Structure formats: C-alpha cells, structure tokens
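# Coordinates in review
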Amino acid sequence: MFPWYIDDLIILDTRNVFYIFTTMFLGIIPSIIGSLSTLIIGIIIDGLSINILAEAFYVIIPILVGTILKHKFKKKNKFLDYFITGIVSNTLSIFTYLLIIDYSITSLDFLLFGLIYPVIYPFIVLIINGYTENEHLRKIVQENNIIIESTLNSVKYIEIYAIDVNYNYLAFNNHHRNQMKKFYDNKLIIGQNFLELVTNNKVKNRLKENLDKSLSGETNTIVIEVSEYGNKILKETYGPIRDLKGIVVGVCVYSEDVSEEYKKRAEIEYYSKYDSLTGLFNRNLFEKSIKKLNDISDISIIYFDVNGLKRVNDAFGHLAGDKLIKTVSNEITSMLSMYEAKIYRIGGDEIVSISRTLTNVDKLIKDIKDKLFNTKIFHLPISISAGHAIKKSDESFMDSLLAAEELMYVDKITNSHSIQKENIDSLIKTLHDSEVETFEHSNRVQRLSNNLGKMLNLSFKELKLLDLISKLHDIGKIGIDQEILNKPGKLNKMEFQLMKRHCEIGYQILSLVYDYSIIANDVLSHHEDFDGGGYPRGLKGEDIPLKSRIIRIVDSYDAMTSDRKYRKALTKEEALKEIEDGLGTKYDPVIGQKFILMIKKEAI
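Residues numbered from 1 in each chain as written. Predicted model: local features only at pLDDT ≥ 70, side-chain atom pairs only at ≥ 80, totals over all residues. Heavy atoms only, no water.

### Re the overall build of the protein chain
For the protein chain, the helix and strand inventory stands at 24 helices and 14 strands. Expressed as a percentage of its 604 residues, the buried residues of the protein chain come to 44%. Of all intrachain contacts in the protein chain linking residues separated by at least 6 positions in sequence, the fraction that spans at least 24 positions is 60%. Only carbon and sulfur atoms are counted for the fraction: they give 57% of the accessible area of the protein chain, which is about 33,100 Å². (Helix = DSSP H or I, 4+ residues; strand = E, 2+ residues; numbered from the N terminus. Buried < 20%, exposed > 50% of the residue type's maximum accessible area, 1.4 Å probe, protein only. Contact = heavy atoms within 4.5 Å. Areas by Shrake-Rupley, 256 points an atom, 1.4 Å probe, with all protein chains shown as cover.)

Below is the structure:
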C-alpha cells in the first residue's frame with residue numbers, strides 16, 4: 001500500500017485511491033463499510049484523538065470523490081481519468097490532513113503525492129478494471145449464449161441449423177437434432193459434416209445446391225414436397241452468415257413443415273371454386289364466369305331442378321337430401337361429360353349446365369330424367385325438372401339463363417303432379433311388397449274403419465278418404481330402419497322414439513302430392529290420444545281430426561288381435577276390454593263405444 005509514516009498511527013498510503021475506485025466500481029456501501037472498519041480499529045488502538053479525526057477525513061474525502069467521479073467519467077482515455085483522480089484525491093486528502101495535523105510538506109512529499117502515486121494508481125486500477133470488464137463480458141456472452149440456445153430450442157416445429165463453408169455444423173436446435181435422429185439415425189455434434197450424415201442422395205444434392213447458393217451470398221427460400229419424409233411439404237430458407245468484414249463464413253437454414261398450412265390453403269382455394277357436397281363448380285365461380293360468358297355466343301344452357309328435395313329432407317333427414325343431390329349431380333355429370341359441359345350447383349336444388357351448342361337436347365334431357373327415375377332414394381324414384389335455352393350473340397347470358405329457368409318451371413308444373421303421384425304409388429307398393437304384415441294390417445284397418453265410418457254416418461266422400469287413410473296411415477314406416485321394424489323383441493326407449501317418427505314422415509311424403517295432401521294431417525295425427533298423451537303433437541279431444549280418432553281405435557284393435565314378433569295376439573274379448581279401459585284417455589269415448597258395439601255385433 002506504499003505507507004508513509006508521519007507520526008504514530010498517522011500513515012499516508014494508497015488507501016485513499018482504493019476507496020475512490022471501490023466507490024466507482026462497487027458502489028458507496030462497500031467503501032463505507034471498509035472505511036468504518038479502519039476507523040474502528042484506530043479507535044480501539046488509540047482511542048478518540050485528533051489523529052482519528054484526520055484518519056476519518058483521509059478516507060471520507062476519497063469516498064466523496066469516487067461518488068462524484070463515478071457519474072462524471074465517460075471519456076475513452078481512462079488512464080488520464082484515473083491519473084486526474086489520483087491527483088485530486090491525494091491533494092484533497094493531504095490538504096485536509098495537514099489542516100488537522102501540524103506537519104510541513106517537503107519536496108519529497110510533493111513528488112510522492114503529486115506525481116508518483118497518481119502515475120502508479122492508474123496502472124493498478126486499469127488492471128483491476130480490465131479484469132472486472134472481462135468478467136462482465138464473459139457473463140454477458142454466457143448469458144447471450146443461453147438466450148440464443150433457448151430461443152432456438154423454443155421453436156419446436158422448425159429445424160434451425162448453421163454450417164460453415166465446409167458444411168460442418170456450427171449450431172443446431174433440438175428439433176433438427178431429433179429429425180436427423182429419426183430419418184438418419186445420427187447423433188449430432190458440433191463440427192460434424194452435415195452432408196456426410198445425409199444418406200439419401202436426392203435429398204443431399206438438393207441441400208448442397210441450396211447451401212452453395214447461400215455460400216455465394218444469396219438468400220433463397222424454397223417450398224418443396226419431399227416424399228422421402230412421408231409426402232411432407234417443407235419451406236426451407238437459406239441465408240448466408242457473414243463476419244464483420246462482410247465475408248460469408250457459413251449458412252443458416254430454417255426448415256419448416258408447412259404441410260398443414262398448404263393443405264388448408266388448398267382447401268380454401270378448392271372450396272372457392274367447387275361445391276363441397278357434389279364436387280360441381282359452385283355459385284361463387286358461376287357468378288365470376290358470367291362476364292366472360294356474355295362475350296361468347298351459341299352456348300347451350302340447361303337449368304335443372306331437383307323435385308321434392310325439401311320434402312325428402314323433412315321426411316328422411318338432411319343426409320337423405322344430400323344423397324339425393326349427389327346422385328342427381330353424378331348422373332348429370334356422367335351424361336354430359338362427352339359434351340365437355342361445365343356444371344354448376346347454383347342453389348340448394350338447382351344445377352346449371354353450360355356447354356357448346358347441343359343437338360337433340362330434348363332427348364338428352366329425357367334420357368337423364370329416365371335414368372334418375374329408375375334410381376331410387378329411400379324407395380322413391382328421383383324426379384327432376386329441366387329447361388333449355390341457347391345464348392345467341394345478341395343476347396346477354398343472364399337473359400338466356402332466365403329463359404332456361406322459366407322453361408324449367410313450366411316442366412315442373414306440367415309433370416310434377418303425375419310424377420309425384422307415381423312416387424307415392426311406388427312407395428306404397430314397396431312398403432306392401434316388403435312388409436306383407438303391413439299390407440294385411442292396412443286391409444283389415446280399411447275394412448273395420450269403413451264399417452265404423454258408416455255407423456258414424458260419414459258421407460261417401462269422407463268414407464273414401466277414410467279408406468285412403470287406412471291404406472296409407474303407416475306409409476311413413478318406409479323411412480324407419482328395417483332393424484327397428486323387424487326387431488323380434490320390444491323396442492327400447494330410443495328405438496321407440498325413432499319409430500314414432502313414422503307419423504311425421506308419412507305426413508311429409510303425402511304432402512308432396514295434391515291427391516294425397518288432403519289426408520296428410522289425418523295420417524300425422526293417427527297416434528294422438530284423446531287426453532293429449534299421444535304423439536307427435538299431443539293434441540287433445542276434438543282437436544284431433546275425426547278420421548284420425550277412428551283410425552286410432554281400429555289400428556290399436558287390429559294390432560292387439562294380431563300376432564307380433566314379440567308377443568301372441570289377444571283374443572277379441574281381451575282386446576275390446578283394453579279399448580274399453582282406454583275410453584276417455586287413449587280413445588274417443590263416443591267412437592270407442594260404437595266400435596265395441598260393432599265388433600260385438602259382428603261376432604254374433
């Protein structure tokens with residue numbers, strides 16, 4: 001510490017400068033602790049004296065100087081800064097010291113405190129400062145490396161790696177390490193040659209080509225489908241790594257699996273043009289094509305409409321409606337494929353075909369209709385309406401389209417009635433052919449209902465309608481799963497809920513045709529109970545149509561007196577007792593009494 005003994009316990013040394021730099025580098029607290037320790041030791045040895053006061057100033061002044069200079073020194077010439085600090089600190093310390101202690105300064109004192117100490121101090125402090133700064137930089141580099149490594153590894157789905165000009169690894173993240181392990185069974189270490197680890201020559205050549213481009217200073221991004229990795233789509237970015245002089249010393253590569261992104265993009269692009277259900281061109285593309293079609297002449301436009309789609313949806317569910325639309329669109333596409341027609345689905349049940357001018361269009365439309373009519377959905381023949389127009393050079397496309405649409409509506413009005421009646425008749429035949437029991441049940445219900453209707457003094461017209469209701473009251477079962485209809489045991493709760501839908505399905509089917517729509521509500525209501533406990537609407541009393549109340553009694557009686565897969569038939573007496581017990585609850589009491597009387601008379 002270069003001590004200078006002036007008197008007993010009065011020593012001048014380099015402590016004052018060390019206090020300055022302790023304050024500058026470590027802060028004021030460590031300096032105060034050090035100075036207090038020195039003063040306490042002095043007090044213990046010498047007690048409170050004038051010398052201790054001088055000692056106190058000798059350490060306090062450097063701390064104050066260090067605190068001030070800590071915020072003032074920002075120059076690049078640190079040696080000069082520290083030299084000035086030494087002079088200031090020594091001068092102030094000695095000046096204060098001599099104010100308290102009676103001592104005369106010699107030329108040697110001036111030389112030591114004015115020159116030698118200030119020159120020596122900067123060297124000492126620069127060594128300490130250099131070590132401190134190097135340690136600080138080492139910690140910064142270490143922390144930065146940790147941050148960079150954590151950042152690279154936080155990207156779990158992107159491969160990141162860097163190679164030098166000889167293709168040796170400089171760095172890589174965990175995802176790249178895992179991918180190399182998965183596909184090439186390699187355990188990576190820094191310094192390994194990347195290309196030597198890639199055993200697939202096709203992949204190696206592609207990688208080398210792109211690495212060489214970046215080593216020449218080019219940044220490039222490619223998107224490529226690689227079957228070698230399971231038909232993935234990879235987006236690879238190659239960027240040159242440059243040193244401080246701008247010289248390329250390596251390449252950093254980012255490789256990302258963008259298969260899902262491109263799949264979604266392809267889906268968006270597909271559905272912007274195509275109908276998701278049928279695969280036909282959609283309305284969006286149709287509307288975009290109108291402007292171009294205005295400039296083209298001699299175009300054949302056929303406007304198709306699927307008859308009864310809503311009723312099919314209501315009766316059998318939307319999956320049945322979807323199947324109907326797909327069947328129609330597939331048949332139209334098949335029949336028009338030879339004409340290079342563009343076919344658009346422009347609405348729920350509307351399909352438009354656009355092609356070069358067709359010959360014998362009426363026969364072509366008839367062939368499509370006949371083919372579809374012989375194709376059944378839920379036992380229903382498929383029916384379509386169609387209209388045709390030719391766009392001439394002096395007409396707009398929309399005018400020609402409207403002309404084709406009007407002709408389609410004429411076709412629908414002209415033919416739909418007979419076609420729909422044929423559909424219902426076909427359903428009845430299908431139901432009776434497949435269910436002999438249903439056919440026989442309907443005949444028995446028809447006979448008993450007619451007799452009961454006569455007892456109730458129904459008119460001839462009402463009796464005819466009652467016959468029709470008896471014949472068709474179970475037509476809705478055509479839409480019920482055969483496993484439920486033919487189940488040998490009693491239906492469970494869910495199966496019974498599905499079975500109850502046959503009333504609504506029957507209503508939807510019969511509503512299609514004017515000839516049968518008049519009885520649709522009666523069929524819908526034939527399982528309603530007189531007290532409101534029936535289904536599907538829970539109607540009560542006379543809110544239930546009269547003919548439905550008749551069918552409710554006769555249908556129940558015939559069901560009870562017929563063998564079922566899960567039980568034997570009741571006797572007539574047992575069945576009548578059940579009817580009698582249900583009067584006022586399940587059955588209309590007035591009609592029920594007449595029915596009981598009628599059956600008893602028949603038995604005599």
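### Overview of the pattern of salt bridges
All chains considered together, the criterion is met by 19 salt bridges. Among the salt bridges present, the one from E495 reaches K487, with a minimum N-O distance of 2.6 Å. With a shortest N-O distance of 3.0 Å, K577 and D581 are connected by a salt bridge. Within this pair, K577 and its partner D581 are both found in helix α23 (residues 572–581), separated by 4 residues, close to a single helical turn. When its relative accessible area of 46% is taken as the criterion, K577 is described as partly exposed. Given a relative accessible area of 48%, D581 falls into the partly exposed group. (Salt bridge = Lys/Arg side-chain N within 4 Å of Asp/Glu carboxyl O.)

### Some words on the sheet that holds strand β11 (residues 350–356)
Spatial strand order, β8-β10-β11-β9-β14: 5 strands in an open sheet with mixed pairing. Since the sheet does not close on itself, it has two edges, and those belong to β8 (281–282) and β14 (384–391), each with one partner. Set on the sheet, helix α12 (residues 318–336) makes contact with β9 (299–306), β10 (342–345), β11 and β14; between it and β9 the angle comes to about 155 degrees. Along the sheet, helix α13 (residues 361–373) contacts β9 and β14; its crossing angle with β14, the most-contacted strand, is approximately 160 degrees. (Pairing = 2+ DSSP bridges. Axes fitted to C-alpha atoms, helices over the stretch in contact; angles between N-to-C directions.)

### A word on the sheet that holds strand β5 (residues 220–226)
Reading across from one edge, β4-β3-β7-β6-β5 is the order of the 5 strands in this open sheet, with antiparallel pairing throughout. Two strands bound the open sheet, and with one partner strand each, they are β4 (169–172) and β5. Averaged over all adjacent pairs, the angle separating strand axes in this sheet is 20 degrees, with direction ignored. Pairing of β5 with strand β6 (residues 232–242) involves 7 bridges; the strand directions are antiparallel. Pairing of E225 across the sheet is with I233, part of β6. The strands touched by helix α8 (residues 201–215) are β3 (158–164), β5, β6 and β7 (248–257); relative to β6, the strand with the most contacts, the crossing angle is about 30 degrees.

### What about the environment of E350?
Looking at the element boundaries, E350 is found in strand β11. Spatially, the C-alpha atoms of E350 and I325 are 9.3 Å apart, while their sequence positions differ by 25 residues. The residues contacting E350, other than those within four sequence positions of it, are Y303, F304, D305, Y344, R345, E405 and Y409. Separated by 3.1 Å, the side chains of E350 and Y303 make a polar contact. (Polar contact = N/O pair within 3.5 Å; in protein donor to acceptor, adjacent residues only side chain to side chain.)

### Points about the packing of helix α11 (residues 309–316) against helix α19 (residues 502–510)
The contact between α11 and α19 brings their axes to 8 Å, and the two run at 170 degrees. When the interaxial angle is binned, α11 and α19 end up roughly antiparallel. Contact residues: α11 offers R311, D314, A315 and F316, while α19 offers I505, Q508 and I509. Split by residue class, the contact of α11 with α19 holds 4 nonpolar, 1 polar and 2 charged. (Parallel < 35°, antiparallel > 145°, perpendicular 65-115°, else oblique. Nonpolar A, V, L, I, M, F, W, Y, C, P; charged D, E, K, R; others polar.)

### Remarks on the pairing of β10
Note: β8 against β10, 2 bridges, orientation parallel. Of the residues in β10, the one forming a bridge with N282 is R345. Across 4 bridges, the pairing between β10 and β11 is antiparallel. By the bridge assignment, R345 is partnered in β11 with I351.

### Considerations on unusual backbone geometry
Between Y535 and the following residue, P536, the backbone shows a cis peptide bond with an omega angle of 10 degrees. Within the secondary structure, P536 is located in the loop between α21 (520–524) and α22 (546–560). Residues other than glycine seldom take positive phi values, yet Y167 does so here, at roughly 70 degrees. Along the chain, Y167 turns up in the loop between β3 and β4. Despite not being glycine, N457 shows a phi value in the positive range, around 65 degrees. Within the secondary structure, N457 sits in the loop between α15 (436–455) and α16 (460–472).

### Quick look at the pairing of β7
Taken together, the 7 bridges between β3 and β7 define a ladder with antiparallel strand orientation. In the strand pairing of β7, Y161 is matched with V253. Pairing of β6 with β7 involves 9 bridges; the strand directions are antiparallel. Looking at β7, one finds that G239 is bridged to C252. The turn joining β6 and β7, which pair antiparallel and follow one another in sequence, is formed by 5 residues; a positive phi near 85 degrees is taken by G246.

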